[in-house]
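Structural overview
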Amino acid sequence: MIQDKEGLWRMMELYFWVFGSLVAGIVLALVWRLVWGRKSALPVGSVSGFTLAAPLLAVLSEIAIRLMDVSLLLPFDVPRYLSERYRDYGYTIPLLLGILGLVLLAFPVRARGGRGAAELTRRSLVSFVRGRWFAPPSVLLALILFITITAGAASQPDHETGRYTMYFVDLGGERGMGTGIYGWFYSVPAMILMGILIVVTIVGLFLVARPPLAEDREQDICVRTTRCRNIIAAGTGALLLHLGLIFSSLAGTASVRSVFTTSEGPVKFWTTFSALEPTFIVASMLCAALGAALWVSVGLSAIPSRRRASIAVGP
């Protein structure tokens, strides 16, 4: 009986570590929807359809990724080839999903011709965007760039593959210890995808903003403002999920320990930043929760509301 309770507790703990941040993100998004989100819900139509499809794909993929991390929860064995590819390129998955989601959020693209209202003011890609919306992704990009350069500089090539994925510590006396790190092999493809993510975000904002306004100007402005906010939120969510994986990797690197036996007894060694392991773990879960919350909030904006309100735009 006691063993059954211990097994149940361990299984619950495992589910918490695997899905806890995702569940927390969903709860945060639901709270946002109840408090603020209903004011900017999209009307039923093709726009809401694409808006719902993008985060649904991202969330389902995120669940699959987390199950890949803990294959014990799967009722089948993951093919070795798939596991190896995931291990090599898992850091790029949130960015790939972000790019695909941003493409979906840019649709449908309204034709430039038609019965739109004539305007003297020329619209730009920031016409329906508040300036402060760009602050979080800018900070995230700077933080990711800093961590990427720092971890990449500390990485060393693996003796077997030659890939820059290892972190070694020389302990003296021909002794050393090593473990994996977010090195150049992982970060270079991710940096390329982040550049593509930025370009797709800019193009998406442009495609939403440029067509002429519809006859119902107030509703059209509300819809376009919500769509632009969703595009920025989706891109920010992808960066957060990617950063969460980086922090998780750094936590694993900081956790490495080594023990050597000497004439005076065992001697323990650890990394110079081992004290940051709890911080990295918390940061990883926080980034994952916030990233999931942003993606789910995008999907919730596709649910229509009876309340209709104008959304102020501008810096």
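Moving on, we come to the overall build of the chain. Secondary structure assignment for the chain yields 8 helices and 5 strands. Start at the N end of the chain and walk to the C end: the helices and strands fall as α-α-α-α-α-β-β-β-α-α-β-β-α. Buried residues in the chain amount to 43% of all 315 residues. Taking the intrachain contacts of the chain between residues at least 6 apart in sequence as the baseline, contacts between residues at least 24 apart amount to 78%.

In this section: helix α7 (residues 217-254). Taking 1.5 Å as the rise per residue, α7 with 38 residues should run 56 Å; its terminal C-alpha atoms sit 55 Å apart, in good agreement. α7 sits mainly inside the fold: 30 of its 38 residues count as buried.

Averaged over all residues, the pLDDT of the chain equals 85, while 86% of them reach at least 70. Low pLDDT, under 50, characterises residues 309-315; the stretch is placed with 18 contacts to residues that sit more than four places away or in other chains.

It is worth spelling out the packing of aromatic side chains at this point. Enumeration over the complete set of coordinates arrives at 7 aromatic pairs. Ring centres of Phe-185 and Tyr-186 lie 5.4 Å apart, and the angle between their planes is 75°; on these two criteria the pair is classed as edge-to-face. Each member of the pair, Phe-185 as well as Tyr-186, carries the same accessibility label: buried. Here a set of aromatic residues connected by ring pairs shows up, and it is made of Tyr-89, Tyr-91, Tyr-182, Phe-185 and Tyr-186.

Moving on, we get to a nonpolar patch on the surface. On the surface, Leu-145, Ile-149, Tyr-164, Trp-184, Val-188, Ile-192 and Ile-196 cluster together to form a nonpolar patch covering roughly 620 Å² of accessible area. Contributing elements (two or more residues each) for the nonpolar patch: α5 (135-154) and α6 (184-209). Considering every element that reaches the nonpolar patch, the biggest residue donor is α6, with 4 residues. Tracing the backbone shows Trp-184 in helix α6. By relative accessible area, which is 33% here, Trp-184 ends up partly exposed.

Formed by 53 residues in total, the largest nonpolar core has its most connected members in Phe-247 and Leu-250. In terms of residue count, α7 provides more of this core than any other element does, 15 residues in total. Leaving out residues up to four positions away in the same chain, Leu-250 has contacts with Ile-147, Ala-151, Ile-181, Phe-273 and Phe-280. Among the nonpolar cores identified, the runner-up in size contains 5 residues, and Val-18, Leu-22, Val-70 and Ala-292 belong to it.

Here we come to the sheet that holds strand β2 (residues 164-172). What the 3 strands build is an open sheet, ordered β1-β2-β3; its pairing is antiparallel. The outermost strands of the open sheet, each flanked by one partner alone, are β1 (156-157) and β3 (175-180).

Criteria and thresholds
Residues numbered from 1 in each chain as written. Predicted model: local features only at pLDDT ≥ 70, side-chain atom pairs only at ≥ 80, totals over all residues. Heavy atoms only, no water. Helix = DSSP H or I, 4+ residues; strand = E, 2+ residues; numbered from the N terminus. Buried < 20%, exposed > 50% of the residue type's maximum accessible area, 1.4 Å probe, protein only. Contact = heavy atoms within 4.5 Å. Expected span 1.5 Å × (residues − 1). pLDDT = per-residue confidence, 0-100. Phe/Tyr/Trp six-rings, centres within 6.5 Å; stacked < 30°, edge-to-face > 60°. Patch = residues over 30% accessible without salt bridge, like charges linked within 9 Å, V, L, I, M, F, W, Y side chains within 5 Å. Areas by Shrake-Rupley, 256 points an atom, 1.4 Å probe, with all protein chains shown as cover. Salt bridge = Lys/Arg side-chain N within 4 Å of Asp/Glu carboxyl O. Core = buried A, V, L, I, M, F, W, Y, C linked by side-chain atoms within 4.5 Å. Pairing = 2+ DSSP bridges.

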